[in-house]
Amino acid sequence: MDLEGLSQLQTEAVNPRTRQIDQMSTLELCTVINHEDQHVASSVASFIPQIAQAIDALTPRVRRGGRVIYVGAGTSGRLGILDASEIPPTFAAPPSQFIGLIAGGDAAIRRAQEGAEDSIASGEADMIALNLRSDLDSVIGIAASGRTPYVLGCLASAKKTGCLTLGVACASPSAMNLSGNVDFMISPLPGPEVVTGSTRLKAGTATKLVLNMLSTGTMIRMVDLVASNEKLKQRSRNILRRLSKTCDLMKNADLDNLLDQCQRSVKLALLVAETGLSVEQCRCDLESANGVLAKALKKSTTQTENDYINGRQFALCIDGGGSKCAAVIIDQTGTIIGRGRSGPCNLTDGRSMQEVISNLVTATQSAMDECKKDQTVAACSPGVASLQGCFKTAWIGLAGMDRSGYREELLPLLREKFGLHSPGSLRLSNDVDLLAALMSQRPETRSVIILIAGTGSVAMRYHRDSSGGATRVARSGGWGHILGDEGGGYAIGQQGIKLTLACLEERRLGICEERLGEFEDAILRQLGCLVPDPNCIDLVSQLLAQNQRPSTKSQIAAAAEAVLSVAKHSEKAMMILHDQVRHLVDHTLGRLLHPQCAGFVSDEETGLVLSGGIFSHPTYRELFLERLSVKRVSFAYVERVEDAALTGAISLMSKPPGLSP
């Protein structure tokens with residue numbers, strides 16, 4: 001619509017009821033304005049179905065960490081910025097997740113920037129600068145007239161990227177609605193303004209009501225009140241006492257302690273108080289119920305009959321790592337009744353959710369195959385459907401689970417697959433967390449560091465919490481093989497292969513005529529390169545071949561076995577191991593031992609648990625312990641654990657209700 005067409009807009013119409021407003025008394029003037037404002041709420045009510053649909057579309061994106069970007073000019077831009085800025089303090093959301101943009105930049109918030117709203121290109125540029133993510137981010141375009149060029153440019157760019165787009169205008173039809181770039185259009189029509197064209201009045205109020213509903217509805221669908229200041233703390237106490245008989249009998253200090261354990265979440269605190277389950281279990285149940293407290297409470301009332309099979313209870317624990325997936329089934333006495341294995345389950349290696357779930361199911365079925373002769377367990381014959389109702393509880397630890405969005409997407413799928421819907425019946429965590437269950441067997445220390453050297457490497461510190469479980473307080477390493485997990489099998493194998501490649505290349509180039517040594521022979525044998533003339537081996541092409549099984553990552557990690565096997569006789573192998581051990585101790589582990597590190601506890605008061613295939617090699621362990629001695633690090637104890645899945649399974653059956661596994 002061109003400038004000459006402005007007069008046709010509802011927002012530019014003359015209000016016949018206020019033609020003589022300048023001649024009214026002050027009381028009459030205020031009465032007229034108030035009467036006009038009463039039309040606003042009813043105009044918004046007409047679009048409640050569209051607003052509800054928009055909230056349902058926004059919620060899953062925000063839950064996965066997606067951003068909501070408000071864009072507007074003038075009053076519309078300021079209203080968007082206001083809504084975006086109020087969400088973090090009200091709902092404890094990250095400030096970077098809700099962004100308000102105004103034509104002309106921040107300077108336009110306080111002082112109008114004439115002409116800034118007239119540039120479509122500026123809107124497009126602002127969107128490009130945000131590096132929008134099509135599957136996560138959402139853009140709300142706000143323009144009372146529905147025709148502001150800056151806003152239209154923002155929406156066009158966002159829609160081209162594939163983002164979810166919402167439009168809020170007080171005119172219909174509008175350029176925004178007709179552009180084809182808006183997924184949800186909300187167009188309340190509050191009528192002509194008291195002062196012609198002054199859309200900061202009724203149009204502004206209508207816009208504020210719509211934005212209030214969108215943001216509040218979205219956040220209620222996923223979060224709850226967080227007691228972040230004294231006023232909210234008291235409000236939280238009042239809510240807890242009003243809704244829970246248990247909380248009604250608690251002192252302020254006890255309520256505050258409960259809230260602190262629950263990261264000040266009122267919903268989580270209520271669930272913990274009413275069920276007696278652990279904080280971690282209740283958090284899982286709230287997530288599986290999409291944050292709806294009533295649903296989470298309903299599931300916790302009784303245990304289903306499916307928790308038991310002929311009077312026996314079974315627990316499943318799965319350790320899903322980068323090289324394999326290991327499952328253990330035990331009964332309530334701690335007796336192992338089945339073990340199973342399948343392929344790798346590291347989500348960060350590019351595997352789909354369905355592939356990971358398939359490997360988890362395969363490992364579980366393999367464990368169930370092992371106990372077919374047990375007639376009590378025979379009720380759960382292998383098969384996808386048979387997994388329903390076989391286990392009282394399960395703990396699945398997966399490499400890569402700390403990455404954003406994985407847990408939220410995977411947890412409901414696993415609950416459905418394994419039939420574990422009751423509160424606390426399914427725990428999904430990082431695979432390292434399985435080993436922290438050992439803290440219950442070591443009451444002499446209040447802190448433990450888990451150090452993994454498998455395909456990759458990572459170190460995590462845990463503190464004993466008030467419920468007797470373990471809470472992770474710090475993490476170091478675990479960046480993945482591409483960025484470097486020094487000390488793990490991939491890094492060791494990679495160095496071994498690179499030295500072998502250099503030797504082969506020097507022979508081909510005539511730089512070196514010496515025959516291959518024991519070190520190179522071991523690497524080539526491990527990679528399956530047994531040919532008469534090793535000079536003919538195109539090792540790079542072999543490793544990088546497309547669609548090969550095993551994967552390039554697995555092949556490189558497997559080469560660590562060759563390095564370790566010849567370490568006692570090869571200077572090259574020993575050099576690699578010394579270098580990898582040094583990095584693992586000095587950096588990955590060393591960061592957690594720095595006095596300024598979060599959750600620091602002195603090494604004398606800390607236990608060290610070692611796990612992963614690389615630590616199973618005596619030579620590597622010896623070098624590791626020697627390096628600790630050189631660095632003058634003396635832990636309260638050092639323990640190596642080979643079976644993380646069994647550790648987790650035993651913990652599941654040994655913990656009384658209310659304690660986290």
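Everything quoted here is computed from the prediction, not taken from an experiment.

Another aspect to go through is the overall build of the chain. Scanning the chain from terminus to terminus reveals 23 helices and 16 strands. Residues counted as buried form 52% of the 661 residues belonging to the chain. When the accessible surface of the chain is split by element, carbon and sulfur atoms take 51% of a total near 30200 Å².

This part is about the environment of Leu 297. Among the secondary structure elements, Leu 297 is positioned in helix H14 (residues 293-299). Expressed as a C-alpha distance, the spacing of Leu 297 and Asp 285, which sit twelve residues apart in the sequence, is 8.7 Å. Setting aside anything within four residues of it in sequence, one finds Leu 297 in contact with Leu 271, Glu 274 and Thr 275.

Before going further, it helps to spend a moment on the sheet that holds strand E5 (residues 184-186). With parallel pairing, the five strands of this open sheet are ordered in space as E2-E1-E3-E4-E5. Either end of the sheet is taken by a strand with one partner, and the two such strands are strand E2 (98-102) and E5. This sheet shows a mean twist of 15° between the axes of neighbouring strands, independent of strand direction. Docked against the sheet, helix H3 (residues 74-91) engages strand E1 (68-72), E2 and strand E3 (138-142), running at close to 160° with respect to E2.

So, on to the confidence of the model for the chain. Of all residues in the chain, 84% attain a pLDDT of 70 or more, and the chain-wide mean is 82. Low pLDDT, under 50, characterises residues 301-310; the predicted model gives this stretch 18 contacts beyond four residues in sequence or across chains.

Our focus in this paragraph is the nonpolar core. Ranked by size, the top nonpolar core spans 46 residues in total, and within it Leu 451, Leu 589, Leu 608, Tyr 620 and Phe 624 carry the most contacts. Those elements that provide at least two residues to this core are strand E12 (447-453), helix H17 (489-508), helix H18 (518-526), helix H20 (552-565), helix H21 (571-589), strand E15 (606-611) and helix H22 (618-630). Among residues more than four places away in sequence, those in contact with Leu 589 are Ile 449, Leu 451, Ala 459, Leu 584, Leu 608, Phe 624, Leu 628 and Phe 635. With 32 residues, the next largest nonpolar core counts Phe 47, Tyr 70, Ile 142 and Leu 166 among its residues.

This paragraph deals with the environment of Arg 241. Looking at where Arg 241 falls in the secondary structure, it is placed in helix H9 (residues 230-243). Here the alpha-carbon distance between Arg 241 and Leu 255, two residues 14 residues apart in the chain, equals 9.1 Å. Apart from the residues lying within four places of it in its own chain, the contact partners of Arg 241 are Cys 247, Asp 248, Met 250, Lys 251, Asn 252 and Leu 255. A distance of 2.8 Å separates a polar atom in the side chain of Arg 241 from a polar atom in the side chain of Asn 252.

Considering all chains together, one arrives at 13 salt bridges under this definition. Two residues, Lys 568 and Glu 622, come together in a salt bridge whose shortest N-O distance is 3.5 Å. Taken as a pair, Lys 568 in the loop between H20 and H21 and Glu 622 in helix H22 lie far apart in primary sequence, 54 residues in all. Judged by relative accessible area, which is 41%, Glu 622 ranks as partly exposed.

Here we come to the pairing of strand E9 (residues 336-342). Where strand E8 (residues 325-331) lies against E9, six bridges are found, and the strand directions are antiparallel. Residue pairing across strands places Cys 325 opposite Ser 342, the latter belonging to E9. Taking the residues between adjacent antiparallel strands as the criterion, E8 and E9 are bridged by four residues, where Gly 334 takes a positive phi near 90°.

Attention now goes to the packing of aromatic side chains. Applying the stated criterion to the full structure yields two aromatic pairs. Centroid distance Phe 615 to Tyr 620: 5.6 Å. Interplanar angle 75°. Geometry classified as edge-to-face. For Phe 615, a relative accessible area of 0% gives the class buried. Through a chain of ring-to-ring contacts, three or more aromatic side chains come together here, namely Phe 615, Tyr 620 and Phe 624.

Here we come to the packing of helix H12 (residues 266-275) against helix H13 (residues 279-288). Where H12 meets H13, the axes come as close as 9 Å, and the angle between the chain directions of the two elements is 120°. When the axes of H12 and H13 are compared, the crossing they make is right-handed. Residue-level contacts link Lys 267, Leu 268, Leu 271, Val 272 and Thr 275 of H12 to Val 279, Cys 282, Arg 283, Asp 285 and Leu 286 of H13.

Structurally, the α-helix is built with 3.6 residues per turn, so residues lying three or four positions apart point the same way. Two to three positions downstream of the cap, the backbone nitrogen of Ala 121 sits 3.5 Å from a side-chain oxygen, assigning the N-cap of helix H5 (residues 120-129) to Ser 119. Asn 131, located one to two residues past H5, shows a positive phi value of around 50°.

Let us look at the side chain of Arg 415. Positionally, Arg 415 belongs in helix H16 (residues 406-418). Of note is the side chain of Arg 415, whose polar atom sits 3.0 Å from the backbone oxygen of Leu 420.

Each value, and the rule that gives it
Residues numbered from 1 in each chain as written. Predicted model: local features only at pLDDT ≥ 70, side-chain atom pairs only at ≥ 80, totals over all residues. Heavy atoms only, no water. Helix = DSSP H or I, 4+ residues; strand = E, 2+ residues; numbered from the N terminus. Buried < 20%, exposed > 50% of the residue type's maximum accessible area, 1.4 Å probe, protein only. Areas by Shrake-Rupley, 256 points an atom, 1.4 Å probe, with all protein chains shown as cover. Contact = heavy atoms within 4.5 Å. Pairing = 2+ DSSP bridges. Axes fitted to C-alpha atoms, helices over the stretch in contact; angles between N-to-C directions. pLDDT = per-residue confidence, 0-100. Core = buried A, V, L, I, M, F, W, Y, C linked by side-chain atoms within 4.5 Å. Polar contact = N/O pair within 3.5 Å; in protein donor to acceptor, adjacent residues only side chain to side chain. Salt bridge = Lys/Arg side-chain N within 4 Å of Asp/Glu carboxyl O. Phe/Tyr/Trp six-rings, centres within 6.5 Å; stacked < 30°, edge-to-face > 60°. Left-handed = near helix turned anticlockwise from the far one by under 90°.

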